[in-house]
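Listed below are the residues making up each chain.
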Amino acid sequence: MTSFTRMSLQALTDRKLRSSLTITMVLIGVALIIAVQGMSAGAVNYMEEQFAALGPNLLIASPGSTEINDYMIENIRTYDGVKEVIPFLQGNARISNSVKDKDTIIMGVDLTKLGFAFPKFSLYQGDYIQPNDKYSIALGYDLADIDEETPFSNIGQTLKVSVQRIFPNKKPQTIKKFFAVKAIINEVGTVGFLPFDDIGFISLKAAESLFDRNNYDGFCLLYTSPSPRDLSTSRM
C-alpha cells in the first residue's frame, strides 16, 4: 500500500498539468451535480406552490377564438358535477393617480367567488366589490405599492383608468373612466397565467362597459369532484 501511494504521488508530480486538469474536471462535475439537484428541488417547490394556490378541482378555460357568452356560461352550469363557473374578461390599461401612471391588466370578474377557485386569494384591506358595482376597483398588492413609503393608492382614493378601443377604419380612441379603490388584495404571486399582484379587478359589468365587450375571455370551472372533469371537457 505504501509503495502504491508513493507511485501515485510520483505520477501526480511528474504530470502536473494532466493532474490539475483531472482534479478541475472532477470538481466541476461535482459542482454541476449539486447545481442540477438544487435547480430540480427549486422547480419542484415552485410547482407545489402553484398547485397549492389553485383549488383542488379547478379548470381554467381560455378558448381563444371561441365566443364565450352568457348563454354558454349558463349552459355549462347545468353540467353534472359542475359546482361553479366564474367568467372573466380582461384587457390592457393605464391606471393613474394624481402624480403617477402604471400600465397594468384590468380584469372583470366576480371577486366574491374568486376565492373558491384560488384559496390564497383574500383581501388585505377593504371590502369585496359586489357584482353590480360599476364604480369600484380592487388593486393587487404590488399594483397598490402597499409596502412603499408613499403607496400608489389607498382605500377610497379615486383612480383614472384609460384603455384604447380599436374601431374599423378609424383611429384608436382612448376611453377614460374613474374608479374608487374599494379593496387591496393580499399578496398572492403569479398563479397559472395570472399575475394577481399586478392586476386591477373590477366587476364584470364595469369591465363590459370599459372595454365595450359582452363576451368573455375565459372562465374558471369548479367541480364538486374530480370525476366529472372529462365529461364536462368533452361536452364543451
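Since the model is a prediction, treat every value here as computed from it, not as a measurement. (Residues numbered from 1 in each chain as written. Predicted model: local features only at pLDDT ≥ 70, side-chain atom pairs only at ≥ 80, totals over all residues. Heavy atoms only, no water.)

1. Considerations on the layout of surface pockets
Phase 1 of the analysis: Considered as a void within the structure, the largest pocket measures approximately 240 Å³ in volume.
Phase 2 of the analysis: Taken together, 15 residues form the lining of the largest pocket, with Pro87, Asp110, Pro131, Leu204 and Tyr216 sitting closest to its centre.
Phase 3 of the analysis: Where the lining of the largest pocket is concerned, the elements lending two or more residues are α3 (70-76), β2 (82-96) and α5 (204-211). (1 Å grid on protein atoms, 1.4 Å probe; cavity = no way out; pocket = protein on both sides within 12 Å on 5 of 7 lines; lining within 4 Å. Points joined across faces, edges and corners; volume = space filled by probe spheres on them. Helix = DSSP H or I, 4+ residues; strand = E, 2+ residues; numbered from the N terminus.)

2. Some details on a negative patch on the surface
Phase 1 of the analysis: Taken together, the side chains of Asp142, Asp147, Glu148, Glu149, Glu187 and Asp198 define an acidic patch exposed on the protein surface.
Phase 2 of the analysis: Topologically, Asp147 is positioned in the loop between β5 (136-139) and β6 (158-165).
Phase 3 of the analysis: Under the relative-accessibility criterion, Asp147 is labelled exposed at 59%. (Patch = residues over 30% accessible without salt bridge, like charges linked within 9 Å, V, L, I, M, F, W, Y side chains within 5 Å. Areas by Shrake-Rupley, 256 points an atom, 1.4 Å probe, with all protein chains shown as cover. Salt bridge = Lys/Arg side-chain N within 4 Å of Asp/Glu carboxyl O. Lys, Arg positive; Asp, Glu negative; His and termini not counted. Charge placed at Lys NZ, Arg CZ, Asp CG, Glu CD. Buried < 20%, exposed > 50% of the residue type's maximum accessible area, 1.4 Å probe, protein only.)

3. Here's the deal with the pattern of salt bridges
Phase 1 of the analysis: Counted by the stated rule, this structure contains eight salt bridges.
Phase 2 of the analysis: Its salt-bridge partner being Glu74, residue Arg77 comes within 2.5 Å of it at the nearest N-O pair.
Phase 3 of the analysis: A relative accessible area of 30% means that Arg77 is categorised as partly exposed.
Phase 4 of the analysis: Overall, the relative accessible area of 45% leaves Glu74 in the partly exposed class.

4. Looking at unusual backbone geometry
Phase 1 of the analysis: With phi around 50°, Asp145 is a residue other than glycine that occupies positive phi space.
Phase 2 of the analysis: Here Asp145 is to be found in the loop between β5 and β6.
Phase 3 of the analysis: In this structure, Asp212 is a non-glycine residue whose phi angle is positive, near 55°.
Phase 4 of the analysis: In this fold, Asp212 is placed in the loop between α5 and β11 (218-223).

5. A word on the nonpolar core
Phase 1 of the analysis: Ile137, Leu139 and Val161 are the most contacted members of the largest nonpolar core, which totals 34 residues.
Phase 2 of the analysis: Excluding residues that lie within four positions of it along the chain, Leu139 makes contacts with Ile95, Ala144, Ser153, Leu159, Val181, Ala183, Ile184, Ile185 and Ile199.
Phase 3 of the analysis: Counting 23 residues, the second largest nonpolar core, distinct from the first, contains Phe88, Met107, Leu111 and Leu114. (Core = buried A, V, L, I, M, F, W, Y, C linked by side-chain atoms within 4.5 Å. Contact = heavy atoms within 4.5 Å.)

6. What to know about the confidence of the model for the protein
Phase 1 of the analysis: Across the protein, the average pLDDT comes to 79, with 72% of residues at 70 or higher.
Phase 2 of the analysis: Within the protein, the element-level pLDDT minimum falls on helix α6 (residues 229-235), averaging 48, and the maximum on β5, averaging 96.
Phase 3 of the analysis: Note that residues 40-53 has pLDDT below 50 and, in this model, nine contacts with residues that lie over four places away or in other chains.
Phase 4 of the analysis: Contacts of residues 228-234 to residues separated by more than four positions or lying in other chains number 13 contacts, the stretch itself having pLDDT below 50. (pLDDT = per-residue confidence, 0-100.)

7. A closer look at the pairing of β6
Phase 1 of the analysis: Bridge analysis of β2 against β6 gives three bridges, and the strand direction is antiparallel. Its bridge partner being in β6, Arg94 is matched across the sheet by Ser162.
Phase 2 of the analysis: Where β6 and strand β7 (residues 173-185) come together, eight bridges link them in antiparallel fashion. Bridge pairing links Val161 to Lys177 in β7. (Pairing = 2+ DSSP bridges.)

8. A few points about the environment of Leu89
Phase 1 of the analysis: With respect to the helices, strands and loops of the structure, Leu89 is situated in strand β2.
Phase 2 of the analysis: Linking Leu89 and Phe211, residues 122 residues apart in sequence, is a C-alpha distance of 9.0 Å.
Phase 3 of the analysis: Apart from residues no more than four positions distant in its own chain, Leu89 is found in contact with Ile106, Met107, Gly108, Leu204, Ala207, Glu208, Phe211, Arg213, Asn215, Tyr216 and Asp217.

9. Side note on the side chain of Ser153
Phase 1 of the analysis: The residue Ser153 is located in the loop between β5 and β6 in this model.
Phase 2 of the analysis: Not counting the four nearest positions on each side in its chain, Ser153 is found in contact with Leu139, Ala144, Leu159, Val181 and Ile184.

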